[in-house]
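Chain by chain, the residues:
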Amino acid sequence: MPVLPPPDPGLIARRAAIAADLRRLVPGVSVLEAASERLAYECDALTAHRSPPLLVVLPRTTAEVAAILRYCHDHAVPVVPRGAGTSLSGGATPMADAVLLGMARFNRILEIDRENRCATVEPGVTNLAISQAVAGLGLFYAPDPSSQIACTIGGNVAENSGGVHCLKYGLTTNNVIGVEFVTIEGEIIDIGGKAYGAPGYDVLGALVGSEGLLGIVTRVTVRLLPLPPVARALLIGFATVEQAAATVGAIIAAGIIPAGMEMMDRPAILAAEAFVHAGYPRDVDALLIVELDGCPVEVDDLVARVAALAGENNATICRASRSDAERALFWAGRKAAFPAVGRLAPDYLCMDGTIPRRRLPEMLGRITEMEARFGLKVANVFHAGDGNLHPLIMFDANLPDQTEQAEAFGAEILRLCVAMGGALSGEHGIGLEKRDLMPEMFSERDLEQQMRLKCAFDAGALLNPGKVFPTPCRCAELGKMHVHRGDLRFADLPRF
Amino acid sequence: MEVLAAVTTEQVQAAIADALAARTPLEILAGGSKTGLGRPGAAARRLDVSGLTGILDYDPDELTLTARPGTRLSEIAPMLAARRQMLAFEPPALHRLYGTDGEPTLGGVLAAGLAGPRRIRAGGARDHLLGFSAVNGRAEAWRGGGRVVKNVSGYDMPKLQCGAFGTLSVLTELCLRLVPAPETSLTLLVAADTQAAAGGIMARALNLPQEVSAAACLPDAIAARAGLPRFAPHLVVLRLEGSGASVVDRAAALDREFPVVGELADEGSVLLWQAVGAVAPLLPDPDAIIWRLCPPPARAAEILVALGPLAEHAYLDWGGGLIWLALPDAPPDGAAATLRAALGPDGHATLIRGPAMLRATIPVFPPMSPPLAALNARIRAAFDPALLLNRGRLAREP
């Protein structure tokens, strides 16, 4: 289990003094100091890691965030940002010697701009609230992580969240067009907005997915898209995972990019069906849900083409939704897959890796082999269209060694993802959970370059320390230049 | 100027190590089609990576392409087209704009962060670079990103490399995402009496669920130069792409909403948008300076009206989010102050073409607030602490 850096007893001893300083500096701000209040923030959705924070601070304005960060910078107090605390990778796991900066009170929608098709909101607004607020205008915000009812847009920015519809519409990074953020030094920086692009380097691109290590986002402008007039889903069952994967490949090869394309394996299908009775077939080894949206003529045409491709790949069942109610029913099982699996075992770990699409069957075969070796069961749900896996490893934390076994199992799956040409995380982030696996994907040089970027934003490494990087960012050391004149290899370089 | 030609990553490393030891800045060049974009450099050495070519892996099933940066777009596009795929961001060919015979390369287009008319639907260059290999200003070979679309493993380094003009590292290998090419392309011509009406048509069209993939507005004189008939003072052009039946259906829906006066199908539609992306309608005057203004799309019409005669040679792309503007007779500052004031804090302006003297004296790229400029300088130094790579190209540097 990855461990956080050992807390600084000196900081813990100063808890009351730091709380008093913050209350004085930022009048009216909520500073939670009592053990019972801090306990409520002891973990995010990676519940295996718990430690009440030094203090919880709940600002309401950008100026308050700036004042808090400036103080923390000047007094070398680490800061852990938190949105709704739904991170599955421990992106918001607190530290005993760090201020937890809760952004939930930044909960206002500031502007909806129909003509420029964008909305400006505070980071504590939930993902779903944005789409709900603009639905009346015939618009929506595309990324839809499965926690969208609870997760905040600020957290989405931090983790570059995806969702089932990002196959067609992109991830958070493709749909956020501006932010205001505060640096650890307390400087307020505005980047991007309603215009396409922004001056300078793509700082916005670097901030999205930076897991709270570069700055605190205090305002977000998102692009809105017109709601498609029609969406239909196909529910397709196969006797083998290979046939389902071949169908996914055939759909993409035919030039069709569905709005979403999800796969479930047999354990996931059975768990979901038992939980929500979505009408899923129980006698198939793989189930695909393919959603197509757009104008009616196009959607009907694509539904027919996808059904034909499924038939060519020996689908045993293929149903197309005829109403939005039926479409919602097709999705109900998939969307409830996590809690459904949660009923089968006392605990489960939700993994998140990406592989090239075509290697799905091979990966599933390897996971089956690992199940036997680790003595643990797995249910698999995939964002099949973009090769993003979510194996759910079931275990019982009360049994000796099972937590460690489950984590080792998960780590082996992720190592295999990297070996297959994929990534350690598709949409949940590295956080604390996958931190120590980063060297599987990146060389020491690659990680040093990433840490140097961190140093450009936060030279004291105070923002969300202990996350993403397996070794601490030592900026002074990383900044040194080593020039070895004797080592130059330019003799063979053609010169003109 | 001393020219170092690298055809391998090791040679790029050697050239940078040499420059680092000598503390001599390096100008980085691939196809050389856009040397006129940016502040003029004063480097005594050039690192020519145009020989760093080759398609390393084209994987149509996974919709990815891996190639070296010197690979020409003219080699890549037909190969993708043969499999009915494409680069979605529609990289524009600007060599005619710069009057160079250099050929646009994959590395050049991404380093300059250029995207064509489909940006409003498919995103910019930044949205399509999945991963890369590069050499930083410490002469270290390193890698960022990956080969899959969904990847939140560490910082999104590909985003930073796009539009950095090689100042953060010299790219040596690029992995891009591809999309299926549309079966058909159809452009509707819509007449508008005023700039404001034209702006309103574009905004309404883009708010409809018809998946308009490009929206431009050309004044009649400029429309004529693009080979379009002169129907009205302003011509709005809206592109639909997709399967035949779908395009027909969506075109009918737009026809019910707007005064459609004509259409261009297939080849005609494709050629029009290539011209719009390449700024062809503004090119007849080779001495005019050319600006790219990016306002909030809905403000474009108002800005053009406010600019008055300065905006005589101008047209809109990106639904108004991009104003291409040519100035045959510009004031000494190239009208930079006037244009930037008209845009205000919500927009930004880049001098795309102008004499070297002008590019040396005014900010070619949009000025930044002091904290953002300072952050940019720190980011630059995090990759290239000796400021060797394309020194001075983006901003004045010591």
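Bear in mind that the values here come from a model prediction, so they are computed numbers and not experimental data.

Scoring rules and cut-offs
Residues numbered from 1 in each chain as written. Chains lettered and ligands numbered in written order. Predicted model: local features only at pLDDT ≥ 70, side-chain atom pairs only at ≥ 80, totals over all residues. Heavy atoms only, no water. Helix = DSSP H or I, 4+ residues; strand = E, 2+ residues; numbered from the N terminus. Rg over C-alpha atoms; globule rule 2.2 N^0.38 Å. Buried < 20%, exposed > 50% of the residue type's maximum accessible area, 1.4 Å probe, protein only. Contact = heavy atoms within 4.5 Å. Areas by Shrake-Rupley, 256 points an atom, 1.4 Å probe, with all protein chains shown as cover. Lys, Arg positive; Asp, Glu negative; His and termini not counted. Charge placed at Lys NZ, Arg CZ, Asp CG, Glu CD. Buried area = accessible area lost by both parts, 1.4 Å probe. Salt bridge = Lys/Arg side-chain N within 4 Å of Asp/Glu carboxyl O. Polar contact = N/O pair within 3.5 Å; in protein donor to acceptor, adjacent residues only side chain to side chain. Pairing = 2+ DSSP bridges. Axes fitted to C-alpha atoms, helices over the stretch in contact; angles between N-to-C directions. 1 Å grid on protein atoms, 1.4 Å probe; cavity = no way out; pocket = protein on both sides within 12 Å on 5 of 7 lines; lining within 4 Å. Points joined across faces, edges and corners; volume = space filled by probe spheres on them. Nonpolar A, V, L, I, M, F, W, Y, C, P; charged D, E, K, R; others polar. Domains from an automatic or database assignment. Arc of directions from axis to C-beta. Parallel < 35°, antiparallel > 145°, perpendicular 65-115°, else oblique. Left-handed = near helix turned anticlockwise from the far one by under 90°. Phe/Tyr/Trp six-rings, centres within 6.5 Å; stacked < 30°, edge-to-face > 60°. Lys NZ or Arg CZ within 6 Å of the ring centre and 35° of its normal.

J.: What's the story with the overall build of chain A in this structure? I'm lost.
T.: Helix and strand counts for chain A stand at 19 helices and 19 strands. In terms of overall size, chain A behaves like a compact globule, its C-alpha atoms giving a radius of gyration of 24 Å where 496 residues would be expected to give roughly 23 Å. Taking the principal axes of the C-alpha coordinates as reference, chain A spans close to 70 × 65 × 55 Å. The proportion of buried residues among the 496 residues of chain A is 60%. In chain A, once contacts between residues fewer than 6 apart in sequence are set aside, the share between residues at least 24 apart is 71%. Carbon together with sulfur atoms contributes 54% to the accessible area of chain A, which is approximately 17700 Å² in total. A gap of 2 Å separates the mean positions of the 45 positive and 57 negative side-chain charges of chain A.

J.: Is there a simple way to think about the interface of chain B and chain A in this case?
T.: Accessible area lost when the parts come together is the quantity often used to give the size of an interface. Taken together, the contact between chain B and chain A spans 84 residues of the former and 99 residues of the latter. By the criterion of area lost to chain A, the three top residues of chain B are Lys150, Val152 and Tyr155 of chain B, representing 13% of everything that side buries. Inspection of the region where chain B meets chain A yields 8 salt bridges. For the salt bridge of lysine 168 of chain A with glutamate 211 of chain B, the shortest nitrogen-to-oxygen distance reads 3.7 Å. Seen at the junction of chain B and chain A, the total is 30 residue pairs in polar contact (both at pLDDT 80 or more). Those elements that place two or more of their residues in the side of chain B that touches chain A are strand E1 (2-5), helix H1 (9-22), helix H5 (119-122), strand E8 (141-145), helix H6 (157-161), helix H7 (195-207), helix H9 (244-257) and helix H14 (370-383) of chain B. It is H14 of chain B that contributes the most residues to the side of chain B that touches chain A, 9 residues altogether.

J.: Is there a simple way to think about the sheet that holds strand E10 (residues 216-223) of chain A in this case?
T.: Through backbone hydrogen bonds, the strands of a sheet pair up, either in parallel or in antiparallel fashion. All names here are of chain A. Pairing is antiparallel across the open sheet formed by 5 strands, whose spatial order is E5-E6-E10-E8-E9. Looking at the sheet topology across the chains shown, the edges are occupied by strand E5 (109-113) and strand E9 (188-192). Neighbour-to-neighbour, the strand axes of the sheet open up by a mean angle of 10°, direction not taken into account. Contacts from helix H4 (residues 62-74) reach strand E8 (176-182), E9 and E10 within the one sheet, and its direction differs from that of E8 by about 50°.

J.: I keep staring at the side chain of arginine 292 of chain B and nothing clicks. Help me out?
T.: Residue and element names in this part refer to chain B. Along the polypeptide, arginine 292 turns up in strand E15 (residues 289-294). For the buried arginine 292, no salt bridge exists, and the shortest N-O distance to an oppositely charged side chain is 10 Å, to aspartate 317. Sequence-distant contacts of arginine 292, that is, excluding residues within four places in its chain, are made with Leu114, Leu322, Ile323, Trp324, His348, Ala349, Thr350 and Ile352.

J.: I tried to follow the side chain of asparagine 313 of chain A on my own but got confused; where do I start?
T.: For asparagine 313 of chain A, the position within the fold is in the loop between helix H12 (296-312) and strand E15 (317-320). Accessibility expressed as a relative area gives 18% for asparagine 313 of chain A, which makes it buried.

J.: What is the right way to read empty space enclosed by the protein from this model?
T.: If a probe the size of a water molecule is rolled over the atoms, the empty space left behind becomes visible. All chains considered together, the criterion is met by 5 cavities of 30 Å³ or more. Empty space within the largest cavity amounts to approximately 350 Å³. For the largest cavity, the lining is made up of 24 residues, of which Ile28, Ala30, Gly107, Gly108 and Ala111 of chain B are closest to its centre. Sorting the residues of the lining of the largest cavity by element identifies strand E2 (26-29), helix H4 (106-112) and strand E9 (170-177) of chain B as the ones contributing at least two each. Here the element with the most residues in the lining of the largest cavity is H4 of chain B; it accounts for 4 residues. Of the residues in the lining of the largest cavity, the class split is 11 nonpolar, 10 polar and 3 charged. Roughly 270 Å³ of internal volume is contained in the second largest cavity. In terms of lining residues, the second largest cavity is bounded by 24 residues, among which Asn160 of chain A together with Val149, Asn151, Asp156 and Lys159 of chain B are the most central. Put simply, the parts of the chain that give the lining of the second largest cavity at least two residues each are helix H8 (172-175) of chain A together with strand E7 (129-135) and H6 of chain B. Top element by residues in the lining of the second largest cavity is H6 of chain B. It accounts for 3 residues. Split by residue class, the lining of the second largest cavity holds 10 nonpolar, 9 polar and 5 charged.

J.: Honestly, the environment of glutamate 122 of chain A in this entry has me stumped. Any pointers?
T.: The topology assignment puts glutamate 122 of chain A in the loop between strand E6 (118-121) and helix H5 (127-134). A distance of 3.1 Å separates the side chain of glutamate 122 of chain A from the backbone nitrogen of asparagine 107 of chain A, its partner in a polar contact.

J.: So what exactly am I meant to see when it comes to the layout of surface pockets here?
T.: Residue and element names in this part refer to chain B. By volume, the second largest pocket is sized at about 1100 Å³. Lining of the second largest pocket is provided by 38 residues; of these, Ala77, Glu90, Pro91, Val270 and Gln274 occupy positions nearest its centre. By residue class, the composition of the lining of the second largest pocket is 21 nonpolar, 8 polar and 9 charged. When residues of the lining of the second largest pocket are sorted by domain, at least three fall in each of domain 1 (48-180) and domain 2 (184-280).

J.: Mind showing me how you'd approach helix H12 (residues 336-343) of chain B here?
T.: Within an α-helix, residues lying three or four positions from one another point in the same direction, as the helix has 3.6 residues per turn. All names here are of chain B. By the burial criterion, the buried members of H12 are Ala336, Leu339, Arg340 and Leu343. Projected down its long axis, H12 carries its buried residues within an arc of 95°, all on one side. Facing away from the buried side of H12, by more than 90 degrees, are the exposed residues Ala337 and Ala341. Buried residues along H12 sit in contact with E15, helix H11 (300-307), strand E17 (322-327) and strand E18 (348-353).

J.: Would you mind going over the domain arrangement of chain B with me for this structure?
T.: Residues and elements named next belong to chain B. We note that the domain assignment places domain 1 (48-180), domain 2 (184-280) and domain 3 (283-355) within chain B. In this structure, domain 2 and domain 3 have C-alpha centres spaced 21 Å apart. Every contact between the two is made by 17 residues of domain 2 and, on the other side, 15 residues of domain 3. The interface formed by domain 2 and domain 3 holds 0 salt bridges in total. Secondary-structure elements contributing two or more residues to the side of domain 2 that touches domain 3 are H7, strand E12 (214-219), helix H8 (220-225) and helix H10 (266-277). Top contributing element to the side of domain 2 that touches domain 3 by residue count: E12, with 5 residues. For the side of domain 2 that touches domain 3, the residue count by class is 15 nonpolar, 1 polar and 1 charged.

J.: Hey, could you run me through the packing of helix H10 (residues 241-253) of chain A against H12 of chain A in this one?
T.: Helix packing geometry: the angle between the two helix axes and the distance between the axes. Residue and element names in this part refer to chain A. The interhelical angle for the contact between H10 and H12, taken along N-to-C directions, is 140°, at an axis separation of 9 Å. Comparing their axes, H12 and H10 come out oblique. Regarding H10 and H12, the two cross each other, and that crossing is right-handed. Mapping the contact onto sequence places Thr247, Ala250 and Ile251 in H10 and Val306, Leu309 and Ala310 in H12. Its residues assigned to classes, the contact of H10 with H12 shows 5 nonpolar, 1 polar and no charged.

J.: Even after reading the chapter, I still don't get the packing of aromatic side chains, so can you show me in this structure?
T.: For any pair of aromatic rings, the description consists of the separation of the ring centres together with the inter-plane angle of the planes. Per the counting criterion, the structure on display carries 8 aromatic pairs over all chains. The ring of tryptophan 331 of chain A carries lysine 335 of chain A above its face, with NZ or CZ at 6.0 Å from the centroid.

J.: Is there a simple way to think about the packing of helix H18 (residues 444-457) of chain A against H14 of chain B in this case?
T.: Contact geometry of H18 of chain A with H14 of chain B gives a least axis separation of 9 Å together with a crossing angle of 155°. In terms of their interaxial angle, H18 of chain A and H14 of chain B are classed as roughly antiparallel. Every pair of crossing elements has a handedness; the one defined by H18 of chain A and H14 of chain B is right-handed. Contacts between H18 of chain A and H14 of chain B involve Gln449, Arg452, Leu453, Ala456 and Phe457 of chain A on the former and, on the latter, Leu375, Arg378, Ile379, Ala382 and Phe383 of chain B. For the contact of H18 of chain A with H14 of chain B, the residue count by class is 7 nonpolar, 1 polar and 2 charged.

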